[in-house]
Every structure is written in C-alpha cells, then in structure tokens.
Amino acid sequence: MNPYILAALLFGMGLGTTVTFASSHWLLAWMGLEMNTLAIIPLMAQHHHPRAVEATTKYFLTQATAAAMILFASTTNAWLTGQWDIQQMSHPLPITLVTLALALKIGLAPVHSWLPEVLQGLDLVTGLILSTWQKLAPFALLLQLQPANSTILIALGLASTLVGGWGGLNQTQLRKILAYSSIAHLGWMILVLQFSPSLTLLTLLTYFVMTLSAFLVFKLNKSTSINVLATSWAKAPALTALAPLILLSLGGLPPLTGFMPKWLILQELAKQDLAPAATLAAMSALLSLYFYLRLTYAMTLTMSPNSLTGTTPWRLQHSQFSLPLAFTTTTTLLLLPLAPAVVALLTL
C-alpha cells in the first residue's frame, strides 16, 4: 500500500477514536465510530484475496448494523427524554439498545460470531489493529453508560467468558484462537465495568500488551495455524522458548502479568457479593487456559518433520524489527510484582 494512503488511513482511525473520546453528544460519538470503521476497511481489503474481501464485507455489515442501532437508540432517548447527552441516558429501552449495539461493535457474546470469521480472513497486522485499537472507542462509550445497566453487563460478561473459552477449544487456526481469546478477555472487562472502571482500564491495557506480544510472535514466525507452530523452533529458538510464557500469561497463569487483572477482578466480584459470577468466570478461565496449553505444547514439545535445510533459518540474519516485541514480551511476563502498587492506585 502507498505510504501516503496508509498514513491517511491510520490518521483517520486515530481521529475517529479521538472524536469519540472527546464527545458528549451521541451524534458526534457516532461520527467518530463511523470514521474508525471506514478508515480500517481499506486496510482489511488491501490484499484483494477472496477471504480478505469476505472478512471486510462481514465487518462492514456488522459495524453498520451496530452504528444504525446506536443512532436509533440515541434518537429514541432524545424522543423520550429530550436529551442527546451520552451521560444523560435514563430510560431503560435506549440504554439496553445502545449497550447491545456497543457489544456488537466490540464482539461480545452472544453477538460475537462475526469476530472469529473476520479475524481469520485478515493478515496478522490488520488483525492486531482490529483486536486492540478498534476496541477503544466503543469502550469509552460503555464506560460513560456503565452505572445504569448492571444486569445486562454481568450477563454479557459471563456469556463472553464462557463462549471465549468454549469456542477456542476445537480451533486449529491461530487467528480464530486469538479471536476467542479476545472475546473471553472482553467478558472479564465487562464483568467488572460497573464496580471498578479503573480496573477495567487496567485489564484492557494488559490485554493490549499481551495480544500485541502474541501477534508479533506469530508474525515473526509467519505462523497462522497450530501445525506451523511446530516449525518455529527452527526460525527463532530463543523466541520459541519465550512464546509459551506469553501464551500462558494470556491464559492468566501466575506468576505472569496476565494473572494480575484476573485476580483483582475476582477479588472485586467477591467484594460485591457476586461469588457465583466469580466462580463461573474462574472456571471459564480454565477453558481458555486449555487451548493456550495446546499452543504451548505444539510449539515446544512437538517437532515437525524437517530436512537438514529446514533447521538452518535461525542462522540467517532476519530483517524484521524486533524492539517492540522485546518491550511487549518483557511487559507481558514481568509486571506481576507491581500488583500492590496497582492496587494502591486503584483505591485512590
């Protein structure tokens, strides 16, 4: 892609997110979301592959549906209460509609089925943008809505953690596994959104860092399925040793960074007398952990049939820029000792 066009599209995505962040009026927030969607569509379709075009079409249709629902909900709210302000939503009907529309935007269960299909049709870099940056603007709106719709948020959160764990069990494609991982992590964030918005933001940040590490590892190895992971030791032995730790951090295993948000969320749910929800979320984390362990097993304990020429690529100097990967990997693995400081900040 032409670098000027790429810069314009990335600027459009940044501008769309910023407009939504800065808006207090529903029409302005909707405009920001639309700018976001329209800027990423050319990036998704840039390879002109049938799968990429299909994924782009599916993404466009779901985002357009969600945007229409947001417009309908905000218009209904203005009709019922005379208010266009985001924080002035008081009627249950528009609140429920807009919550479901934003859930469709980010891919929460039970309106999640587009996300694995779309991610599977994209290359890893565009998939990374879709899994991270595109979640920011809808989350900013959900945070502003959050005190009003407690039951629906807990239902969406629990459904997402269960579907995210269950759906990834039988997958062999890495991008679909990462999509289900995304759904499960979003479920954890939504569960605690109304009780501790700062904890939701912490979880979102750690999810971004861990997902960035996972996508960069797969990109460096050029891996798109579990079978290809078995050959990664020949391409980058040191990275193959670290990659299982990144995956286990995504699964929330102590003593890695991914354990911190899950631990704090379970603690917060227990404080709010939601022990059954906390138990269900913790059990669903075990489902997610199983498919991360599958990937770990494929990377470290299985060997693909290799000829002598297949074992030499690591000796060649590769040209990929690995500083971001080094930074995100360190952050993904080593931040748990900062948990007391984080708790102190959250209680300020």
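Coordinates for the structure precede this section.
Here's what I pulled together on the structure shown here. Source: prediction; values computed, not measured.

1. A few points about the overall build of the protein
Here's step 1: Looking only at helices and strands, one finds 17 helices and zero strands in the protein.
Here's step 2: Its C-alpha radius of gyration of 20 Å places the protein within 12% of the 20 Å reference for a compact globule of 348 residues.
Here's step 3: Judged by the C-alpha coordinates and their principal axes, the protein covers about 75 × 50 × 35 Å.
Here's step 4: Burial analysis of the protein (348 residues in total) assigns 53% to the buried set.
Here's step 5: Across the protein, every contact between residues at least 6 apart in sequence was considered, and the portion connecting residues at least 24 apart equals 78%.

2. Quick notes on the packing of helix H1 (residues 3–22) against helix H2 (residues 26–44)
Here's step 1: Where H1 contacts H2, the two axes come as close as 7 Å, and the packing angle between them is 155°. When the axes of H1 and H2 are compared, the pair comes out roughly antiparallel. Judged by the sense of rotation from one axis to the other, the crossing of H1 with H2 is left-handed. Each of Leu6, Leu9, Leu10, Gly12, Met13, Leu15, Gly16, Thr17, Val19 and Thr20 in H1 lies in contact with H2, whose residues at this interface are Leu28, Ala29, Gly32, Leu33, Met35, Asn36, Ala39, Ile40, Pro42 and Leu43.
Here's step 2: Looking at the contact of H1 with H2 residue by residue, the class counts come to 14 nonpolar, six polar and no charged.

3. With respect to the nonpolar core
Here's step 1: Ile40, Tyr59, Val118, Leu130, Phe218 and Leu295 are the most contacted members of the largest nonpolar core, which totals 50 residues.
Here's step 2: When neighbours within four sequence positions are excluded, Leu130 is seen to be in contact with Ile40, Tyr59, Leu115, Val118, Leu119, Leu122 and Lys135.
Here's step 3: With 30 residues, the next largest nonpolar core counts Leu33, Ile95, Ala101 and Leu136 among its residues.

4. Here we look at the packing of aromatic side chains
Here's step 1: Taken as a whole and assessed by the stated rule, the structure comprises four aromatic pairs.
Here's step 2: A ring pair is formed by Tyr59 and Trp114, whose centres lie 5.7 Å apart and whose planes are at 55°; its orientation type is tilted. Placement of Tyr59 in helix H3 (residues 50–81) and of Trp114 in helix H5 (residues 114–120) is noted, with a sequence separation of 55 residues between them. Side by side, Tyr59 and Trp114 carry an identical accessibility label, which is buried.
Here's step 3: Seen from their ring centres, Phe291 and Tyr292 are 4.9 Å apart, and the 50° between their planes marks the pair as tilted. Grouping residues by exposure puts Phe291 and Tyr292 together as buried.
Here's step 4: Lying across the ring of Trp188, Lys262 places its NZ or CZ 5.4 Å from the centre.

5. So, the environment of Leu178
Here's step 1: By secondary structure assignment, the location of Leu178 is in helix H9 (residues 174–192).
Here's step 2: Sequence separation between Leu178 and Gly127 is 51 residues, and the spatial gap between their C-alpha atoms is 9.4 Å.
Here's step 3: Excluding its chain neighbours within four sequence positions, the residues that come into contact with Leu178 are Leu119, Ala214, Phe215, Phe218 and Leu250.

6. Focus: the packing of helix H6 (residues 124–131) against helix H10 (residues 197–221)
Here's step 1: One can describe the packing of H6 onto H10 by two numbers: an axis separation of 10 Å at closest approach and a directional angle of 170°. As the angle between them shows, H6 and H10 are arranged roughly antiparallel. Seen from H6, the contacting residues are Leu124, Val125, Gly127, Leu128 and Ser131; seen from H10, they are Tyr207, Phe208, Thr211, Leu212, Phe215, Phe218 and Lys219.
Here's step 2: Taken together, the residues that form the contact of H6 with H10 break down as eight nonpolar, three polar and one charged.

7. Here we look at unusual backbone geometry
Here's step 1: That bond from Ala109 to Pro110 is cis: its omega, 5°, falls within 30 degrees of zero.
Here's step 2: With respect to the secondary-structure elements, Pro110 resides in the loop between helix H4 (92–106) and H5.
Here's step 3: In this structure, the amide linkage connecting Pro254 to the following residue, Pro255, adopts the cis form with an omega of 5°.
Here's step 4: One non-glycine residue with positive phi stands out, namely His48, at about 55°.

8. Topic: the pattern of salt bridges
Here's step 1: The tally for this structure, following the rule as stated, stands at three salt bridges.
Here's step 2: Of the charged contacts in the structure, one is a salt bridge between Lys176 and Glu117, with a shortest N-O distance of 3.4 Å. A residue pair is termed long-range when its members are at least 10 positions apart, and Lys176 in helix H9 and Glu117 in helix H5 qualify at 59 residues.
Here's step 3: The class of Glu117 is partly exposed, set by a relative accessible area of 30%.
Here's step 4: Taken together, the salt bridges that share partners define one network made up of Glu54, Lys58, Glu117 and Lys176.

About the thresholds
Residues numbered from 1 in each chain as written. Predicted model: local features only at pLDDT ≥ 70, side-chain atom pairs only at ≥ 80, totals over all residues. Heavy atoms only, no water. Helix = DSSP H or I, 4+ residues; strand = E, 2+ residues; numbered from the N terminus. Rg over C-alpha atoms; globule rule 2.2 N^0.38 Å. Buried < 20%, exposed > 50% of the residue type's maximum accessible area, 1.4 Å probe, protein only. Contact = heavy atoms within 4.5 Å. Axes fitted to C-alpha atoms, helices over the stretch in contact; angles between N-to-C directions. Parallel < 35°, antiparallel > 145°, perpendicular 65-115°, else oblique. Left-handed = near helix turned anticlockwise from the far one by under 90°. Nonpolar A, V, L, I, M, F, W, Y, C, P; charged D, E, K, R; others polar. Core = buried A, V, L, I, M, F, W, Y, C linked by side-chain atoms within 4.5 Å. Phe/Tyr/Trp six-rings, centres within 6.5 Å; stacked < 30°, edge-to-face > 60°. Lys NZ or Arg CZ within 6 Å of the ring centre and 35° of its normal. Salt bridge = Lys/Arg side-chain N within 4 Å of Asp/Glu carboxyl O.

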